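Listed here are the chains, written in short residue letters.
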Amino acid sequence: MTDQPVTMQKTVAGVRFHRVGKLYHFDFSEYPDLKVGDYVIVETARGRQMGEVMSFNAVEDDKDMREYKPIMRMASPRDLILKHHWELQQDTALATCRQKAADMGGFTDVKFIMAAYNYDGTMLTFLYTAEDKVNVSRLWNELTRAFPAQVEMRQIGPRDVAKLLGGYGACGELRCCSTFLTDFSPISIKMAKAQGISLNPSEITGMCGRLRCCLVYEYEQYVEARQKLPKKNKRIGTPYGEAKVVDVFPLADSVLVYIEEQGLQTVKREEIVPLEELEALAKKAKEPCTVHGDEGCDCGAKPPKAKAEAAPVDAVAGDEVPGAEEGGEGESPLPARAVARSEQSPSDQSHRPRQRKRGDRRQGDRPQQPKQGAQAEAKPQGEPRKERPPRGERPEGSGSGQGRRKKNRPDRRPKNQENSGGGSPEAAE
């Protein structure tokens, strides 16, 4: 028995740069003793940043390890002190930015929200919000001369603004975006309608002026529950009798119905009888099959009655076909079509329309010439054909060639002699 090599599943470290932010994964193979809660220095698209290790995730394929950047080093106590020092300078930098924007003018519709330093103070980022896109190139030039760090201006949306400011929501609790939401999901007014929430803007919008993030929490449960319950204004069967649905309670798995004799009643889903569906199925079962036509099928329709056997096409009505019955005595039975044709007279057969067979010419084509010899004798004849005398004994002017011009007349000059310009018929002979 050979020992199979054991493949170790590799993992990556999830690092977060803000208190409530996204997780970015890095390769920590050079630091096997890394633990959750440690601070590390990594290289990002915005320069060197310090982040906190939050989790470790497994990687299924080893090829994916090439896509993850490695951790540069563990954060030292000096790095932690520098980070705390530059965080205290952020409020001063934000006040300076607001003052320069006011002195410069043209930024009345712009709100500067936050100024953020990286851990060593080499990069300074200003976050602002506005309804439309704003040109901040002039302000960026002034701030670059005022601060020794690399300055970056970034515009953010209203949801990010509420996440940075924090505070309490309409429910009385801290805002979801500033406590645990790391990403914003798309939200639509359809989610509020599915949950039966009033469309009053004050009830479905949050402090940021957008639809509340909590509308998406129970939306999937509402959709799944509504698929198993009847809709409003629908007739259903209940233990109290036939009723009409007035309201639907998806989370309670029940509906509110109106009964003429008893009024409003609450009915569970297990007690509901779909009357309209049952009536539609019963109606469809009574109708004939529209899929298979007259043939029998197993879709609920009755099988069609067997058709009466049709008489032979060539047999004459009222004639008995000898030998057609099975087990008849006498000579060997002939096919009904052959017997019917044999009983007809030659004159009847001549007037009978010939059936088209494969290979016959279509209408308008030249008819075939009758064959000579033995084949011509085998063909049935209606009346005896008159014998024609030999061609040399025919009287003059008789036959089908009467009135036609004879070819090679001796008294007519050929075309080649007419155009020759001289000579006579006697000379030509």
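How each quantity is defined
- Per chain, residue numbering runs from 1 following the sequence as it is written.
- A pLDDT threshold of at least 70 governs which residues receive local features in this predicted model, and a stricter bar of 80 or more applies before side-chain atom pairs are shown or counted, although totals over entire chains, interfaces and linings include all residues.
- Only hydrogens and water are set aside when side-chain values are computed; all heavy atoms of the structure are taken into account.
- For helices the rule is a DSSP run of H or I covering at least 4 residues; for strands it is a run of E covering at least 2, with both sets numbered from the N terminus onward.
- Throughout this description, buried means an accessible area under 20% of the type-specific maximum (1.4 Å probe, protein chains only), exposed means over 50%, and partly exposed covers the range between.
- When DSSP finds at least two bridges between two strands, those strands are taken to pair.
- Every axis corresponds to a line fitted to the C-alpha atoms, with the helix fit spanning only the stretch in contact, and the corresponding angles, defined between N-to-C directions, vary from 0 to 180 degrees.
- The term nonpolar core refers to a set of buried residues drawn from Ala, Val, Leu, Ile, Met, Phe, Trp, Tyr and Cys, joined through side-chain atoms within 4.5 Å.
- Here a residue-residue contact requires only that any non-hydrogen atoms of the pair lie within 4.5 Å.
- An angle below 35 degrees is treated as roughly parallel, one above 145 as roughly antiparallel, one from 65 to 115 as roughly perpendicular, and anything else as oblique.
- Crossings are sorted by hand: turned counterclockwise from the far helix by less than a right angle, the near helix makes the crossing left-handed, and turned clockwise it makes it right-handed.
- Amino acids are sorted into nonpolar (Ala, Val, Leu, Ile, Met, Phe, Trp, Tyr, Cys and Pro), charged (Asp, Glu, Lys and Arg) and polar (every other residue, Gly among them).

1. A look at unusual backbone geometry
At Asn 233, a position not held by glycine, the phi torsion is positive, near 65 degrees. Take Asn 233: it is sitting in the loop between helix H7 (219–226) and strand S9 (235–238). Despite not being glycine, Asp 253 has its phi angle at roughly 55 degrees, a positive value. Mapped onto the fold, Asp 253 is located in the loop between strand S10 (241–249) and strand S11 (254–259). A relative accessible area of 22% means that Asp 253 is categorised as partly exposed.

2. Observations regarding the sheet that holds strand S6 (residues 111–117)
One open sheet holds the 3 strands; their spatial order is S6-S7-S8, and the pairing between them is mixed. Two strands bound the open sheet, and with one partner strand each, they are S6 and strand S8 (150–155). Sheet twist, expressed as the average angle between the axes of neighbouring strands with direction ignored, equals 20 degrees. Bridge count for S6 against strand S7 (residues 123–129) is 6 bridges, and the pairing is antiparallel.

3. Comments concerning the nonpolar core
Within the largest apolar cluster, 20 residues are counted, with the highest numbers of intra-cluster contacts made by Phe 112, Leu 124, Phe 126, Leu 139, Leu 143, Phe 147 and Met 153. Of all elements in the fold, only helix H2 (90–104), S6, S7, helix H3 (137–146) and S8 reach the threshold of two or more residues within this core. No other element matches H2, which puts 4 residues into this core. Excluding residues that lie within four positions of it along the chain, Leu 139 makes contacts with Cys 97, Lys 100, Ala 101, Met 104, Phe 107, Phe 112 and Met 153.

4. Topic: the packing of H2 against H3
Taken N-terminus to C-terminus, the directions of H2 and H3 make an angle of 135 degrees; their axes are 10 Å apart at the nearest point. As summarised for this structure, H2 and H3 are arranged oblique, according to the angle between their axes. Of the two possible hands of crossing, H2 and H3 adopt the one that is right-handed. Taken together, the residues of H3 that come into contact with H2 (itself represented by Cys 97, Lys 100, Ala 101 and Met 104) are Arg 138, Leu 139, Glu 142, Leu 143 and Ala 146. Here the residues of the contact of H2 with H3 are counted per class, giving 6 nonpolar, no polar and 3 charged.

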